[in-house]
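Report on the structure
Here's the letter readout for the chains.
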Amino acid sequence: MTQLVLADPSLLRSHAYVDGQWVVADSGATLEVCNPATGALIATVPDMGAEETRRAIAGASRALKSWRAQTAEARAAVLRRWFALMQQHQEDLAQLMTAEQGKPLAEARGEIAYAASYIEWFAEEARRIYGSTVPSPWADKQIVVVREPVGVCAAITPWNFPAAMITRKVAPALASGCTIVVKPASQTPLSALAMVELAVRAGVPAGVFSVLTGNARAIGGALTASPDVRKLTFTGSTEIGRVLAAQCAPTLKRMSLELGGNAPFIVFEDADLDAAVEGAMVSKYRNTGQTCVCANRLLVHEKVYDAFAAKLRVAVQAMRVGNGVEEGVAQGPLIDEPSLAKVEELVADAVALGATVHMGGRRHALGGTFYEPTILTGVTPAMRIAREEVFGPVAPLFRFGSDEEAVRMANDTEFGLAAYFYSRDHQRIRRVSAALEYGMVGINSGLISTAVAPFGGVKQSGMGREGGAVGIDEYLDTKYLCIA
Ligand SMILES: NC(=O)c1ccc[n+]([C@@H]2O[C@H](COP(=O)([O-])OP(=O)(O)OC[C@H]3O[C@@H](n4cnc5c(N)ncnc54)[C@H](O)[C@@H]3O)[C@@H](O)[C@H]2O)c1
Ligand SMILES: O=C[C@H](O)CS(=O)(=O)O
């Protein structure tokens, strides 16, 4: 096993955290956690199932009464301490993340700061959960509306952002007085275990926040079947989101679903091309193209197509591919072999149907799951890459001739998470912003994610919002009091 060198070695956990205890699986079975850049074994974690999950739910139910009875200020204080500890241990958390997920260290540090910003945001939101009074139609009765925590929550999260996808669920849950059981992705459990250790140090009581590792179907099955779990918050693929939503139906749980995307990135003829290239680089190649809001289709006006493609190639060529711990590396490995095979499939299909490899288009000489940063030109809606999430460092360029054509192409997908466009014409900005069927739109910006704004999608990209002024609503129920 490769030894990770951390300033605080106790942040590397090989046990799961259930109801206030660091525990192994009932069976003693473990899962291996490997470094996607090297294949090296970095840790093992418990391979848990339904029984351990039921104990975590029971602990969360027991802890709920006292946690929700805490004052908002008391919960906010715990979250502020957790925020401070995340900042204090940013380097160790980033090293853990790069080791288990592969993203470049600079991006991992950025994700830790981003993840911590959700904790800070909801520490503030905890103290602003307002109710209301309504002028009563009866002289002898008062109408009061209060908001209360939903109760025990379950969170299931993906591997691509192993810290931020957890804090943007756990922070609002704790802020609102809920308790929560988290199952991180099996590829990236170490970030979750380190963060719950810091949450415990910050004063989160036993049972309030548990982290289970192991068999996704078994754990997910127990979480979704339990009537004690009143809410499921899931971030992951649309395919699994549909499965979990169906599993939640018998107990009518509240649900937040942050699912897949197929983001269009539109470059109009009046765009600032240098700014558009800069935006495309961050939107397309962040996390080696493995984000839900990555530019998945670059729609470029025919008058600027060749100039944009040439400029983009220069920028892509400047990126260094390698192990994320090495200084200056901008592109790490893909998470695993199936992900790499999917990218190869989509590129091969596009080329077979007439696309041209402008650059890249093959496995990197580094081997393993490294893939050359790629640009495809001559891409058309007939190709699979127009409909499927690439989740890799491939920029497919499509041509368009009119605004109407660009909007029609952009909306021609079952997904509706993020969209981007570059234009300096205010009428066009107003028109296109209104016409795009997406939950989030970046206008002259390729990076839009922040804790202060509502993150989420429409259509098959999910339901609910995370962050912003509405993020905490996902963890609150409304109660109407009629007082005589
Ligand atoms: N909308 C967003 O905010 C957002 C953010 C990140 C990733 N994603 C999406 O997530 C996908 C990539 O992440 P992924 O590969 O981890 O997704 P995934 O859906 O395969 O897995 C997500 C989580 O669900 C678990 N899981 C898988 N099958 C399950 C089952 N049958 N029952 C219970 N749990 C199950 C996994 O172990 C993991 O923890 C992409 O589609 C990406 O767009 C969306
Ligand atoms: O993969 C999608 C995540 O939500 C990434 S981010 O929030 O855009 O950083």
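Remember, predicted model here, so these are calculated numbers, not experimental data.

1. Concerning the overall build of the chain
Scanning the chain from N- to C-terminus turns up 13 helices and 22 strands. Within the chain, the proportion of its 484 residues that are buried is 57%. Once local pairs closer than 6 in sequence are excluded, the contacts in the chain between residues at least 24 apart make up 73%. Counting 46 positive and 50 negative side-chain charges, the chain places the averaged centre of each group 5 Å from the other.

2. Brief notes about the side chain of His-301
Mapped onto the elements, His-301 comes out in strand E13 (residues 295–301). Residue classification places His-301 among the buried residues on the basis of a relative accessible area of 2%. Excluding anything up to four places from it in sequence, His-301 contacts Val-267, Phe-268, Glu-269, Phe-400 and Gly-401.

3. Description of helix H8 (residues 238–248)
The set of residues buried in H8 consists of Thr-238, Gly-241, Leu-244, Ala-245 and Cys-248. Buried residues of H8, seen end-on, are gathered within an arc of 120° and therefore sit on one face of the element. The exposed set on the far side of H8, more than 90 degrees from its buried face, consists of Glu-239 and Ala-246. In the core, the buried residues of H8 are packed alongside strand E7 (152–156), helix H7 (216–225), strand E10 (229–235) and strand E11 (254–258).

4. Let's talk about the site of ligand 1
Near ligand 1, the surroundings consist of 28 residues, among which Thr-157, Trp-159, Ser-237, Leu-259 and Glu-389 are the closest. At a separation of 2.8 Å, an oxygen atom of ligand 1 approaches a polar side-chain atom of Trp-159. Here ligand 1 has 840 Å² of accessible area as a free molecule, and 87% of this is covered by the chains. Counting residues per element, the ones that place at least two in the shell around ligand 1 are helix H5 (164–176), H7, E10 and H8. The leading source of residues in the shell around ligand 1 is H7, at three residues. Grouping the amino acids of the shell around ligand 1 by side-chain chemistry returns 15 nonpolar, eight polar and five charged.

5. Digging into the pattern of salt bridges
Per the counting criterion, the structure on display carries 33 salt bridges. Across the pair Asp-8 and Arg-201 runs a salt bridge, and its minimum N-O distance is 2.9 Å. Note that Asp-8 is positioned in the segment before strand E1 (16–18) and Arg-201 in helix H6 (residues 190–202), a separation of 193 residues in sequence. Among the salt bridges present, the one from Asp-306 reaches Arg-399, with a minimum N-O distance of 3.5 Å.

6. Quick notes on the nonpolar core
Counting residues in each nonpolar core, the largest one holds 99 residues, and the members touching the most others are Trp-82, Met-86, Phe-209, Phe-308, Leu-312 and Leu-397. With 11 residues, the top contributor of residues to this core is helix H4 (residues 105–125). Beyond its immediate sequence surroundings of up to four residues, Phe-209 is in contact with Tyr-17, Trp-82, Val-170, Ile-180, Val-182, Val-196, Ala-199 and Val-204. Counting residues in hydrophobic clusters, the runner-up holds 30 residues, among them Ala-350, Phe-398, Phe-400 and Met-409.

7. Looking at the UniProt feature "active site" (unreviewed entry) in the chain
UniProt tags Glu-258 as "active site" (unreviewed entry). By the element assignment, Glu-258 lies in strand E11. Judged by relative accessible area, which is 2%, Glu-258 ranks as buried. Sequence-distant contacts of Glu-258, defined by excluding residues within four places in its chain, comprise Phe-234, Thr-235, Gly-236, Leu-417, Phe-455, Gly-456, Gly-457, Ser-461, Gly-464, Arg-465 and Glu-466.

8. Topic: the site of ligand 2
Ligand 2 sits among Tyr-114, Asn-160, Phe-161, Met-165, Arg-168, Arg-286, Thr-291, Cys-292, Val-293, Ser-449 and Phe-455. In this structure, Tyr-114 approaches ligand 2 through a side-chain N or O atom, which is 2.6 Å from an oxygen atom. Note that an oxygen atom of ligand 2 is positioned 3.0 Å from one of the side-chain N or O atoms of Arg-168. For ligand 2, whose free accessible area comes to 280 Å², the fraction covered by protein is 98%. For the shell around ligand 2, the per-class residue count stands at six nonpolar, three polar and two charged.

9. Thoughts on the state of the cysteines
Across all of its chains, the model carries zero disulfides by this definition. Between Cys-294, a cysteine without a disulfide, and Cys-292, which holds the nearest cysteine sulfur, the sulfur-to-sulfur distance is 8.0 Å.

10. Brief notes about the UniProt feature "domain: Aldehyde dehydrogenase" (unreviewed entry) in the chain
In the numbering used here, UniProt assigns the feature "domain: Aldehyde dehydrogenase" (unreviewed entry) to residues 22–480. Helix makes up 39% of residues 22–480 and strand 21%, whereas the separation of the span's terminal C-alpha atoms amounts to 40 Å.

11. Some points on the side chain of Asn-262
Within the secondary structure, Asn-262 sits in the loop between E11 and strand E12 (263–267). The class for Asn-262 is buried, based on a relative accessible area of 1%. Within the structure, Asn-262 has its side chain in polar contact with the side chain of Asn-296 (distance 2.8 Å). Each residue touching Asn-262, except ones within four places of it in the same chain, is listed here: Asn-296, Arg-297, Ala-386, Arg-387, Thr-413, Phe-415 and Tyr-438.

12. Quick look at the packing of aromatic side chains
According to the stated counting rule, one finds eight aromatic pairs in the structure shown. The interplanar angle of 40° and the centroid separation of 5.9 Å between the aromatic rings of Phe-265 and Tyr-420 together place this pair among those described as tilted. Of this pair, Phe-265 sits in strand E12 while Tyr-420 sits in strand E19 (residues 418–422), placing them 155 residues apart in sequence. On the accessibility criterion, Tyr-420 (1% relative accessible area) is buried. One aromatic cluster is present, formed by Phe-265, Tyr-420 and Tyr-422 through successive ring pairs. We note Lys-141 situated over the ring of Trp-138; from NZ or CZ to the ring centre the distance is 4.6 Å. Its end group placed over the ring of Phe-455, Arg-168 keeps NZ or CZ at 4.0 Å from the ring centre.

What counts and how
Residues numbered from 1 in each chain as written. Chains lettered and ligands numbered in written order. Predicted model: local features only at pLDDT ≥ 70, side-chain atom pairs only at ≥ 80, totals over all residues. Heavy atoms only, no water. Helix = DSSP H or I, 4+ residues; strand = E, 2+ residues; numbered from the N terminus. Buried < 20%, exposed > 50% of the residue type's maximum accessible area, 1.4 Å probe, protein only. Contact = heavy atoms within 4.5 Å. Lys, Arg positive; Asp, Glu negative; His and termini not counted. Charge placed at Lys NZ, Arg CZ, Asp CG, Glu CD. Arc of directions from axis to C-beta. Near = heavy atom within 4 Å. Polar contact = N/O pair within 3.5 Å; in protein donor to acceptor, adjacent residues only side chain to side chain. Areas by Shrake-Rupley, 256 points an atom, 1.4 Å probe, with all protein chains shown as cover. Nonpolar A, V, L, I, M, F, W, Y, C, P; charged D, E, K, R; others polar. Salt bridge = Lys/Arg side-chain N within 4 Å of Asp/Glu carboxyl O. Core = buried A, V, L, I, M, F, W, Y, C linked by side-chain atoms within 4.5 Å. UniProt positions renumbered as here; feature names shortened; annotations may be inferred. Disulfide = S-S within 2.5 Å. Phe/Tyr/Trp six-rings, centres within 6.5 Å; stacked < 30°, edge-to-face > 60°. Lys NZ or Arg CZ within 6 Å of the ring centre and 35° of its normal.

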